[in-house]
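Tertiary structure, described
If you want the building blocks of each chain, they are given just below.
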Amino acid sequence: KELDEELNNEIDNMMNEGDGIAAVSVTGDDDDSANTGGPRVINGKVVSQEDMQGIRVGSAGGWSLEVFPGDFVVHRKYGIGRFDKTVLKSRTKLSEEEQEARDKRREEIVRELMAARNTTEEIQSVVSKFGTDDDNDPISNPLSTLLEIA
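Computed from a predicted model, the values in this text were never measured in an experiment. (Residues numbered from 1 in each chain as written. Predicted model: local features only at pLDDT ≥ 70, side-chain atom pairs only at ≥ 80, totals over all residues. Heavy atoms only, no water.)

Per the secondary structure count, the protein includes 3 helices and 8 strands. In the protein, which comprises 150 residues, the proportion classed as buried is 17%. Sequence-distant contacts in the protein: of pairs separated by 6 or more residues, those separated by 24 or more amount to 40%. As presented, the protein carries roughly 11,700 Å² of accessible surface, and 48% of it is formed by carbon and sulfur atoms. (Helix = DSSP H or I, 4+ residues; strand = E, 2+ residues; numbered from the N terminus. Buried < 20%, exposed > 50% of the residue type's maximum accessible area, 1.4 Å probe, protein only. Contact = heavy atoms within 4.5 Å. Areas by Shrake-Rupley, 256 points an atom, 1.4 Å probe, with all protein chains shown as cover.)

This is the structure we're talking about:
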């Protein structure tokens, strides 16, 4: 019990000073599984476990590492930054095969809408969304996962 009180006091002190990472809740048992799903305090902000998901990054050289939000990363071209989160962006450079697959899929989508007897306006509305954030088809609008750096 004394250890729990000391640990809680130490965590309170850290949170008041605003330096470091501390768990929001502390349990007295040695099992770390009780603390894995809860929120954490990082630099004075409560962050959910979902926001703390890491991403595995690798290179053609064969190495890989896992990066978590708040980690500092170095990019050869852009320098040092702090990893915030992953984002999905539409890919702008596609191979010829990917372009053909994209065009074929978009034609299929239009044919399906015509077979379902949608109006011209409804079809035009769908066609106008091709290649935008509203295009959720993975073949029509292939996405890349990017690291957002602050």
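Once that is clear, we can look at the layout of surface pockets. Its volume calculated, the largest pocket comes out at about 490 Å³. Secondary structure elements with two or more residues in the lining of the largest pocket: strand S4 (55-58), strand S5 (64-67), strand S6 (72-75), strand S7 (79-90) and strand S8 (143-149). The residue makeup of the lining of the largest pocket, split by class, is 11 nonpolar, 5 polar and 1 charged. (1 Å grid on protein atoms, 1.4 Å probe; cavity = no way out; pocket = protein on both sides within 12 Å on 5 of 7 lines; lining within 4 Å. Points joined across faces, edges and corners; volume = space filled by probe spheres on them. Nonpolar A, V, L, I, M, F, W, Y, C, P; charged D, E, K, R; others polar.)

Another aspect to go through is the pattern of salt bridges. Counted according to the given criterion, the structure contains 8 salt bridges. Glu148 is the salt-bridge partner of Lys85, the closest N and O atoms lying 4.0 Å from each other. With Lys85 in strand S7 and Glu148 in strand S8, this residue pair connects regions lying 63 residues apart in the sequence. A residue is classified by how much of its surface remains accessible, and Lys85, at 44% relative accessible area, is partly exposed. Between Arg105 and Glu108 there is a salt bridge, and its shortest N-O distance comes to 3.2 Å. Placement of both Arg105 and Glu108 in helix H2 (residues 96-115) is noted, with a separation of 3 residues, approximately one turn of the helix. Through salt bridges with shared partners, one network takes in Arg105, Glu108, Glu112 and Asp137. (Salt bridge = Lys/Arg side-chain N within 4 Å of Asp/Glu carboxyl O.)

Before going further, it helps to examine the environment of Ile109. Of note, Ile109 is situated in helix H2. The class for Ile109 is buried, based on a relative accessible area of 13%. Separated by 31 residues in sequence, Ile109 and Ser140 place their C-alpha atoms 9.1 Å apart. Excluding its chain neighbours within four sequence positions, the residues that come into contact with Ile109 are Val126, Phe130, Asp137 and Ser140.

We now examine the packing of H2 against helix H3 (residues 120-128). Contact geometry for H2 and H3: axes closest at 10 Å, N-to-C directions at 160°. Taken together, the axis directions place H2 and H3 in an arrangement best described as roughly antiparallel. In terms of crossing hand, the pair formed by H2 and H3 is right-handed. Here H2 contributes Ile109, Val110, Leu113 and Met114 to the contact with H3, which in turn contributes Ile123, Val126 and Val127. Within the contact of H2 with H3, the residues separate by chemical class into 7 nonpolar, no polar and no charged. (Axes fitted to C-alpha atoms, helices over the stretch in contact; angles between N-to-C directions. Parallel < 35°, antiparallel > 145°, perpendicular 65-115°, else oblique. Left-handed = near helix turned anticlockwise from the far one by under 90°.)

Take the side chain of Asp137 next. Structurally, Asp137 is set in the loop between H3 and S8. For Asp137, the side chain forms a polar contact with the main-chain nitrogen of Ile139, separated by 3.0 Å. Filtering out sequence-adjacent residues up to four positions away, Asp137 remains in contact with Arg105 and Ile109. (Polar contact = N/O pair within 3.5 Å; in protein donor to acceptor, adjacent residues only side chain to side chain.)

Note that all results are geometric; they support no functional claim without further evidence.
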